[in-house]
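# Observations on chain architecture
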Amino acid sequence: MLEPLRQGLPPLDPAAASSAASCALPARYEAVREARRFTRGTLDQWEIGDRFDDVCLVVSELVTNALRHALPPSASRCPEQNPPVRLHLMRWTERLVCAVRDPSHDSPVARDSDDFSAESGRGLFLVDSFSDSWGWHPLAGTLSGKVVWALFRLQRPAE
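The text that follows walks through the structure, step by step, so that each part is easy to find. By convention here, each chain's residues receive numbers from 1 onward along its written sequence. Totals for whole chains, interfaces and linings use all residues, but because this is a predicted model, local features are given only for residues with pLDDT of at least 70 and pairs of side-chain atoms are given and counted only at 80 or more. Side-chain figures throughout are based on the complete set of non-hydrogen atoms in the structure, without hydrogens or water.

Time to look at the packing of aromatic side chains. Stacked, tilted and edge-to-face are the three classes assigned to paired rings of Phe, Tyr and Trp, where Trp is represented by its six-membered ring and a pair needs centres within 6.5 Å; plane angles under 30 degrees give stacked, over 60 edge-to-face, the rest tilted. Across all of its chains, the model carries zero aromatic pairs by this definition. For a Lys NZ or an Arg CZ to count as sitting over a ring, it must be within 6 Å of the ring centre and within 35 degrees of the ring normal. One cation-aromatic arrangement involves Arg40 over Phe52; the distance from NZ or CZ to the ring centre is 3.7 Å.

Moving on, we get to the side chain of Lys146. In this fold, Lys146 is placed in strand β5 (residues 146-153). Under the rule applied, a polar contact is a pair of N or O atoms within 3.5 Å (in protein, one hydrogen donor and one hydrogen acceptor; residues adjacent in sequence only if both atoms are side-chain atoms). A distance of 3.0 Å separates the side chain of Lys146 from the side chain of Asp102, its partner in a polar contact. Any pair of residues with heavy atoms lying within 4.5 Å of one another is described as a contacting pair. If we skip the residues at most four places from it in the chain, Lys146 touches Ala70, Val100, Arg101, Asp102, Ser104, Asp106, Pro108, Trp136, His137, Pro138 and Leu139. Think of it this way: any DSSP run of H or I at least four residues long counts as a helix, any run of E at least two long counts as a strand, and we number them from the N terminus.

Here an angle of 0 to 180 degrees is reported between the N-to-C directions of two axes, which are lines fitted to C-alpha atoms, with helices fitted over the stretch in contact. The interhelical angle for the contact between helix α1 (residues 30-45) and helix α2 (residues 52-69), taken along N-to-C directions, is 150°, at an axis separation of 9 Å. As for how α1 packs across α2, the hand of that crossing is right-handed. Counting all contacts with α1, which are made through Ala31, Val32, Ala35, Arg36, Thr39, Arg40 and Leu43, the residues of α2 involved are Phe52, Val55, Cys56, Val59, Ser60, Val63, Thr64 and Leu67. Throughout this entry, Asp, Glu, Lys and Arg are counted as charged residues, while Ala, Val, Leu, Ile, Met, Phe, Trp, Tyr, Cys and Pro are counted as nonpolar. The remaining residues, Gly among them, count as polar. Considering only residue class, the contact of α1 with α2 consists of 10 nonpolar, three polar and two charged. Put simply, a crossing is left-handed when the front helix is turned counterclockwise from the back one by less than a right angle, and right-handed when it is turned clockwise.

Moving on to the sheet that holds strand β3 (residues 95-102). Strands are treated as partners if at least two bridges between them are detected by DSSP. Strand order in this open sheet of five strands is β1-β2-β3-β5-β4, and the pairing throughout is antiparallel. Two strands in the sheet have a free side with no partner beyond their single neighbour: β1 (19-25) and β4 (133-138). On average, adjacent strands in this sheet sit at an angle of 15° to one another, irrespective of strand direction. Pairing of β4 with β5 involves six bridges; the strand directions are antiparallel. In the sheet register, Trp136 faces β5, and the bridge partner there is Val148. Set on the sheet, α2 makes contact with β1, β2 (85-91), β3 and β5; between it and β3 the angle comes to about 15°.

This is the structure:
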């Protein structure tokens, strides 16, 4: 079990983000494709499409983990009006944060595996490898569950 991990995430005020976008994702695996499509469109709109490959890989892993490990068995019967997983993209001048919210209170579990040909079990390793930092924290207040986030440093725009 990983302890809630906030180190590596600089203080980020969501209200100070220069751009933010989010989308609700239904409890079905096709949502991973929807998340990639949403991410592509958002990064293109923000003119940071050059980071798409790394960001998309991480978004795919975070959404897959939420769908595979964080949903109760009854989630597939949830009405589409109240999807259980949400992808948030937030951009500051020199940072991009991808955050996936899910209803589980369980911490993400990084598997320790030497089998690099395995079909699964490497998601958090990939998130760690392709992002500048990542972590998770429980939600507070009226929201229940957790958020798993990944931070990407962006090149400073040319003056």
